[in-house]
Amino acid sequence: MPKLILSMDGLVLKEVALDKERISIGRKPNNDIQIDNLAISGQHAVITCILNDAFLEDQNSTNGTYVNGQPVKKHVLQNNDVVELGKYRLKFLTDTSQPGMSPSEMVDTAALRPFDIAVSPVESAPVSPSDGGATRTQILPADALERAAAAAEPPLDRLGVIQVLSGANAGRELELSKSLTTLGKPGRQVAVITRRPHGYFVTHVEGASFPLVNGKTLDAQAHRLGDHDIIEIAGVKMEFFLRP
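A brief structural summary. These numbers come from a predicted model, not from an experiment.

We now examine the sheet that holds strand β1 (residues 3–8). Strand order in this open sheet of 6 strands is β2-β1-β11-β10-β7-β8, and the pairing throughout is antiparallel. This sheet does not close on itself; its edge strands, each paired only once, are β2 (11–17) and β8 (70–72). Neighbour to neighbour, the strand axes of the sheet diverge by 30° on average, direction disregarded. In this structure, β1 lies alongside strand β11 (residues 88–93), joined through 6 bridges in antiparallel fashion. Among the inter-strand pairings, I5 is bridged to a residue of β11, identified as K91.

See the structure below:
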């Protein structure tokens, strides 16, 4: 399970396990990680977790959020990244000791550049929303109505596949056999495709512009993919289809 090590001036203050889908950071006491310092905004940043991947997002804080010395608005956290909030440091650590997981599997697949594709090395498992209370906002999962509709449908029994249609990797195929697949170019545009019991969903994670599906711009919510949908991420077009 990923975790954060909170420190200041080299002194470790606490260790926080990322065992919830959404972790809020800020000065106000209602945050999951409260940092009582005037340099920290009331609602400073949030970390959204899907399995072993974590996505940091600044909440329009006054003094900004930095990762490894660089200001960020949205950022896909990597092992040993250091999030800087004023004088405080949050070191992000992943548990790479799990069976079947190695550091090389958590970075971009070199063979697929310049359109980088990073695949989460976690076996398929349902992605369930956090049970942290009705007042918490769920960002990545589908809303309650969508989940209710999905529950009435038969379970997914066909494997999803992405075929690259443009760029240097045109013609390549990627089977979506994992619970989470990360697509895009870090620093420019990143999206994730999650495999759930009743279908595949694409969600925007990083970048000023949002991915396109069939020519329409996505919003912040998870979008369910249909057979033969055309996705455009970081300028690369791909076709999603269900293998018979």
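All right, on to the packing of aromatic side chains then. Inspection of every chain in the model, using the stated rule, returns 1 aromatic pair. The ring of F201 has R196 lying over it, and the distance from NZ or CZ to the ring centre is 4.2 Å.

This brings us to the pairing of β11. The alternating pattern of β11 places Y88, L90 and F92 on a buried face, while none of R89, K91 and L93, on the opposite face, is buried. Across 4 bridges, strand β10 (residues 82–85) lies against β11 in antiparallel orientation. Residue pairing across strands places V82 opposite K91, the latter belonging to β11. Connecting the antiparallel pair β10 and β11 is a turn made up of 2 residues, with G86 showing a positive phi of about 60°.

Taken together, the 6 bridges between strand β13 (residues 159–164) and strand β22 (residues 236–243) define a ladder with antiparallel strand orientation. Following the sheet pairing, Q163 is matched in β22 by E239. In terms of strand pairing, β13 meets strand β14 (residues 173–175) through 3 bridges, oriented antiparallel. Bridge pairing links V161 to E175 in β14.

The next subject is the nonpolar core. In this structure, L4, L18, I35, I47 and L56 are the most contacted members of the largest nonpolar core, which totals 22 residues. Every element with two or more residues in this core is listed here: β1, β3 (22–26), β5 (45–50), β6 (53–58), β10 and β11. When sequence neighbours within four positions are dropped, the list of residues in contact with L4 reads K14, E15, V16, L18, I33, I47, L90, K91 and F92. L176, L183, V202 and L225 belong to the second largest nonpolar core, which has 19 residues in total.

How each quantity is defined
The residue numbers shown here count from 1 along each chain, following its written sequence. Reporting in this predicted model follows two pLDDT cut-offs: at least 70 for local features of residues, and 80 or more for side-chain atom pairs to be given and counted; totals over whole chains, interfaces and linings ignore these cut-offs and use all residues. Side-chain measures here rest on the full set of heavy atoms in the structure, leaving out hydrogens and waters. The criterion for strand pairing is that DSSP finds at least two bridges linking the strands in question. Each helix corresponds to a stretch of at least 4 residues labelled H or I by DSSP, and each strand to a stretch of at least 2 residues labelled E; elements are numbered beginning at the N terminus. Between the N-to-C directions of two axes lies an angle of 0 to 180 degrees, each axis being a line fitted to C-alpha atoms and, for a helix, fitted only over the stretch in contact. The rule is short: rings of Phe, Tyr and Trp, with Trp giving its six-membered ring, pair when the centres are within 6.5 Å, and they are stacked under 30 degrees, edge-to-face over 60, tilted in between. Over a ring means this: the NZ of a Lys or the CZ of an Arg is within 6 Å of the ring centre and within 35 degrees of the ring normal. Relative accessibility decides the category of a residue: with a 1.4 Å probe and only protein chains considered, values under 20% of the type maximum give buried, values over 50% give exposed, and everything between is partly exposed. Put simply, a nonpolar core is a bunch of buried Ala, Val, Leu, Ile, Met, Phe, Trp, Tyr and Cys residues held in one set by side-chain atoms that sit within 4.5 Å of each other. Whether two residues touch is decided by their heavy atoms; if any such pair falls within 4.5 Å, the residues are in contact.

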